[in-house]
Amino acid sequence: MILAANWKLNKDPQEAKEFYLEFLEKCPQESWSQFIFFPSAINFETTAECLSSKSISWGLQNTYYQNEGAFTGENSASLAKKYGATHVLVGHSERRQFFGETLKGVALKIKNLQSLGLVPLLCVGESLEERESRKTESVVEEQLRTALEFCDFSKEILLAYEPVWAIGTGKVATPEEAEAVHKFLKTIWNELCPSKNIQILYGGSVKAENSPQLFSQKSIDGFLVGGASLKVDSFLGIMSACL
Ligand code: PGA
């Protein structure tokens, strides 16, 4: 199981440090390699200090496709790597919804990350309107194919299916709804890259109470967690509920 934490714009460096110290104390060391943390960029250094010497993966919630230059306000993937980052979230629906991120831009970001040896965690998912008009499959298929336009299939990449209507809303996809989309995405992936399996995380209002039913589905390999990742006990509770 992979458990990824998306902290969005939460926590200052002191709070992040307190979280990591509590996490390291409460989480058994043999499980550390199953976690990936995505703190806000301001917590970059604290995260590097607390996690980089441990076998715990971390990275930024967004990086630009260029690594240096006159790009005010952006994050550099090569700098993140220098500090020990291993992963970067790409194409989260909030980036696409609020910051005008395009699928073409997402494809360039993936290319840059893979060329640096960082692992992109690509997010796809449909809006409520798209689901209600039965467009879920066509929407996620287009998102996946466009985002992977320059993907180097010999390198690692992770995928998250996050229905936009389930993010931060308390509404979670049923295990069957989530499984159907994961299965569909895996079929497309197998067509693009038959020699390698892809791991797909589910995201959208995941917590300890709903995670076991979701995780019992064959094509769900873990979770990308927002709200419930902000407290050590609720985050670790997801893993223990699924054991
Ligand atoms: P949520 O967020 O768990 O708070 O719904 C998930 C995400 O946006 O990645």
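You'll find the structure just up there.
All of these numbers come straight from a predicted model, not from anything done at the bench.

Rules of the game
Residues numbered from 1 in each chain as written. Predicted model: local features only at pLDDT ≥ 70, side-chain atom pairs only at ≥ 80, totals over all residues. Heavy atoms only, no water. Phe/Tyr/Trp six-rings, centres within 6.5 Å; stacked < 30°, edge-to-face > 60°. Helix = DSSP H or I, 4+ residues; strand = E, 2+ residues; numbered from the N terminus. Buried < 20%, exposed > 50% of the residue type's maximum accessible area, 1.4 Å probe, protein only. Salt bridge = Lys/Arg side-chain N within 4 Å of Asp/Glu carboxyl O. Contact = heavy atoms within 4.5 Å. Polar contact = N/O pair within 3.5 Å; in protein donor to acceptor, adjacent residues only side chain to side chain. Pairing = 2+ DSSP bridges. Right-handed = clockwise from strand over helix to strand, strands pointing away. Axes fitted to C-alpha atoms, helices over the stretch in contact; angles between N-to-C directions. Parallel < 35°, antiparallel > 145°, perpendicular 65-115°, else oblique. Expected span 1.5 Å × (residues − 1).

## Description of the packing of aromatic side chains
Stage number 1. Tallied over the entire structure, the rule returns 19 aromatic pairs.
Stage number 2. Arranged with centres 5.9 Å apart and planes meeting at 65°, the rings of Phe44 and Trp58 form a pair that is edge-to-face. Taken together, the residues span a long stretch of sequence, with Phe44 in helix 2 (residues 44-51) and Trp58 in strand 3 (residues 57-60) at a distance of 14 residues.
Stage number 3. Judged by relative accessible area, Trp58 falls into the buried class, the value being 0%.
Stage number 4. Ring geometry for Tyr64 against Phe71: centres 5.0 Å apart, planes inclined by 50°, an arrangement best described as tilted.
Stage number 5. Since its relative accessible area comes to 32%, Phe71 is described here as partly exposed.

## Observations regarding the pattern of salt bridges
Stage number 1. Applying the stated criterion across every chain, the model contains 12 salt bridges.
Stage number 2. The closest approach of N and O atoms between Lys104 and Glu149, which form a salt bridge, is 3.1 Å. Taken together, the positions of Lys104 in helix 5 (residues 103-116) and Glu149 in the loop between helix 7 (136-147) and strand 6 (158-161) put the pair 45 residues apart, joining distant regions of the chain.
Stage number 3. Residue Lys104 is classed as partly exposed on the basis of its relative accessible area of 45%.
Stage number 4. Accessibility expressed as a relative area gives 43% for Glu149, which makes it partly exposed.
Stage number 5. Of the charged contacts in the structure, one is a salt bridge between Arg131 and Glu126, with a shortest N-O distance of 2.7 Å.
Stage number 6. Exposure remark for Glu126: the relative accessible area of 0% places this residue in the buried category.
Stage number 7. Sharing partners across several salt bridges, the network here consists of Glu22, Lys26 and Asp233.

## A short note on helix 10 (residues 232-242)
Stage number 1. Considered for burial, the residues of helix 10 that qualify are Val232, Phe235, Leu236, Gly237, Ile238, Met239 and Cys242.
Stage number 2. Buried residues along helix 10 sit in contact with strand 1 (2-6), helix 1 (13-26), strand 2 (35-38), helix 9 (211-215) and strand 8 (222-225).

## A closer look at the environment of Glu126
Stage number 1. With respect to the secondary-structure elements, Glu126 resides in the loop between strand 5 (119-124) and helix 6 (128-132).
Stage number 2. Placed 42 residues apart in sequence, Glu126 and Gly84 show a C-alpha to C-alpha distance of 32 Å.
Stage number 3. If we ignore the near neighbours within four places in the chain, the residues touching Glu126 are Arg131, Thr136, Val139, Val140, Tyr161, Glu162, Pro163, Val164 and Trp165.
Stage number 4. Within the structure, Glu126 has its side chain in polar contact with the side chain of Arg131 (distance 2.7 Å).

## Concerning the pairing of strand 6
Stage number 1. Covered by surrounding structure in strand 6 are Leu158 and Ala160 together with Leu159 and Tyr161, the residues of both alternating faces.
Stage number 2. Where strand 5 lies against strand 6, four bridges are found, and the strand directions are parallel. Within strand 6, the residue paired with Val124 across the bridge is Tyr161.
Stage number 3. The pairing of strand 6 with strand 7 (residues 200-203) spans three bridges and is classified as parallel. The residue bridging Leu159 from the neighbouring strand is Ile200, located in strand 7.
Stage number 4. In this fold, the crossover linking strand 6 to strand 7 by way of helix 8 (residues 175-192) has right-handed handedness.

## Concerning the packing of helix 5 against helix 7
Stage number 1. Remark: helix 5 packs on helix 7, axes separated minimally by 8 Å, with the N-to-C direction vectors making an angle of 45°. Relative to helix 7, the element helix 5 is oriented oblique. Listed contacts from helix 7 to Leu103, Lys104, Val106, Ala107 and Ile110 of helix 5 are Glu142, Gln143, Thr146 and Ala147.

## Re helix 1
Stage number 1. Under the 1.5 Å per step criterion, the end-to-end length of helix 1 is 20 Å for 14 residues, consistent within 8% with the ideal 20 Å.
Stage number 2. Those residues of helix 1 that are buried are in contact with strand 2, helix 2 and helix 10.
Stage number 3. Its side-chain oxygen placed 3.1 Å from the backbone nitrogen of Gln14, Asp12 serves as the N-cap of helix 1.

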